[in-house]
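Chain by chain, the residues run as shown.
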Amino acid sequence: MSVNKETFQQIKAELDSKHVTLVAVSKTKPVEDILELYNLGQRDFGENYVQELVNKAAQLPKGIYWHFIGHLQTNKVKLIAPFVQLIHGVDSLKLLKEINKEGEKNNRVIDCLLQVHIAQEETKFGLDEEELNLIITQLDNLKMANIRVCGLMGMASFTENMNQVREEFKKLKAIFNHQAELITRNSKPEALSIGMSSDYTIAVEEGSTMVRIGSLLFGERHGKQ
Ligand SMILES: *Cc1c(COP(=O)(O)O)cnc(C)c1O
């Protein structure tokens, strides 16, 4: 097992003091590792594959808050709708409508973040600013009572250049500030989900309220995730 308990405790204390939520990204890691952090008090965990999330949730304590941080396909929403705490990567109205529909079936309000494309790479998912504006302006009219759009999520470029990463986070924070009133109109805790193992310190400096940290806590992953 490769859980870094001391690192966890340091990071957790640092983030708590700044009122930033730590989402422990447990993708590819066994349930035993998740339990280890759970027993140290961690409650928010993030996964990016639906089937993996469903399998793990079934084996682990009900008190865990599960975050879905991957790219969600509409036909898989129903699998996580009964229990998911927050869906980070929503990038279309079609997906929001599906989440709302499944939220209604499960008699829940499901919290969502809209994913904004801030990286320079073409490959990262997410909305550009215009698409984001369009979705936000339509939210009021559509009156989807079983979702709550409570913030934004983004991923910086995969680069060693931390100045570039900082600029990308700054850009998302500015968009977030600009949209904050609209996004949080019918919800309370607003969330800006930025920051991973390599860049969470910068993300926090730039206004992150929620970081998604995997390899620093659980050790490096193998394979291409
Ligand atoms: C894997 C992943 C993370 C965590 O990455 P680390 O570099 O291991 O901290 C964060 N966010 C998303 C969306 C991920 O897929």
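Structural data are supplied above this passage.
A brief report on the enclosed structure follows.

About the criteria used
Numbers given to residues run from 1 along each chain, matching the order in which its sequence is written. A pLDDT threshold of at least 70 governs which residues receive local features in this predicted model, and a stricter bar of 80 or more applies before side-chain atom pairs are shown or counted, although totals over entire chains, interfaces and linings include all residues. Computation of side-chain values covers all heavy atoms of the structure but excludes hydrogens and water. Any residue with a heavy atom lying within 4 Å of a molecule or strand is counted as near it. Throughout this description, a polar contact denotes any pair of N or O atoms lying within 3.5 Å of each other; where both atoms belong to protein, one of them has to be capable of donating a hydrogen while the other can accept it, and for residues adjacent in sequence the pair is counted only when both atoms sit in side chains. Per-residue and other accessible areas were derived by the Shrake-Rupley procedure at a 1.4 Å probe size, with only the shown protein chains allowed to occlude residues. A helix here means a DSSP run of H or I that spans at least four residues, while a strand means a run of E at least two residues long, and both kinds are numbered starting from the N terminus. Throughout this entry, Asp, Glu, Lys and Arg are counted as charged residues, while Ala, Val, Leu, Ile, Met, Phe, Trp, Tyr, Cys and Pro are counted as nonpolar. The remaining residues, Gly among them, count as polar. Every residue pair with non-hydrogen atoms within 4.5 Å of one another is taken to be in contact. Classification of ring pairs uses Phe, Tyr and Trp, with its six-membered ring standing for Trp, and accepts pairs whose centres are within 6.5 Å; under 30 degrees between planes counts as stacked, over 60 as edge-to-face, and the remaining range as tilted. A ring is scored as having a charge over it whenever the NZ atom of a lysine or the CZ atom of an arginine sits within 6 Å of its centre and within 35 degrees of its normal. What is meant by a nonpolar core is a set of buried Ala, Val, Leu, Ile, Met, Phe, Trp, Tyr and Cys residues, joined one to another through side-chain atoms within 4.5 Å. Per-residue accessibility, obtained with a 1.4 Å probe over protein chains only, is compared with the maximum for each type, and a residue is labelled buried under 20%, exposed over 50%, and partly exposed between these values.

1. Concerning the site of the ligand
Of all residues adjacent to the ligand, which total 13 residues, the nearest are Lys27, Ser197, Gly214, Ser215 and Arg221. One of the side-chain N or O atoms of Arg212 is found 2.8 Å from a nitrogen atom in the ligand. For the ligand, whose accessible area on its own is 390 Å², the fraction buried by protein is 91%. Elements supplying a minimum of two residues to the shell around the ligand: β6 (147-155) and β8 (210-213). Class assignment of the residues belonging to the shell around the ligand gives a composition of six nonpolar, four polar and three charged.

2. A closer look at the side chain of Ser215
Tracing the backbone shows Ser215 in helix α9 (residues 215-218). A polar contact is formed between the side chain of Ser215 and the side chain of Ser197, at a distance of 3.3 Å. Once you skip the residues sitting within four places of it in the chain, Ser215 turns out to touch Asn4, Ser197, Glu220 and Arg221.

3. Looking at the packing of aromatic side chains
Enumeration over the complete set of coordinates arrives at one aromatic pair. The side chain of Arg43 reaches across the aromatic face of Tyr38, ending 3.7 Å from its centre.

4. Let's talk about the nonpolar core
Formed by 61 residues in total, the largest nonpolar core has its most connected members in Leu72, Leu96, Ile99, Leu114, Leu152 and Leu217. Element by element, the count of residues in this core is highest for helix α7 (residues 162-183), at six residues. Leave out the neighbours within four places in its chain, and Leu152 touches Leu113, Leu114, Val116, Leu132, Leu172, Ile175, Phe176, Ile183, Ala191, Leu192 and Ser193.

It is worth stressing that arrangement in space is one thing and function is another; only the former is reported here.
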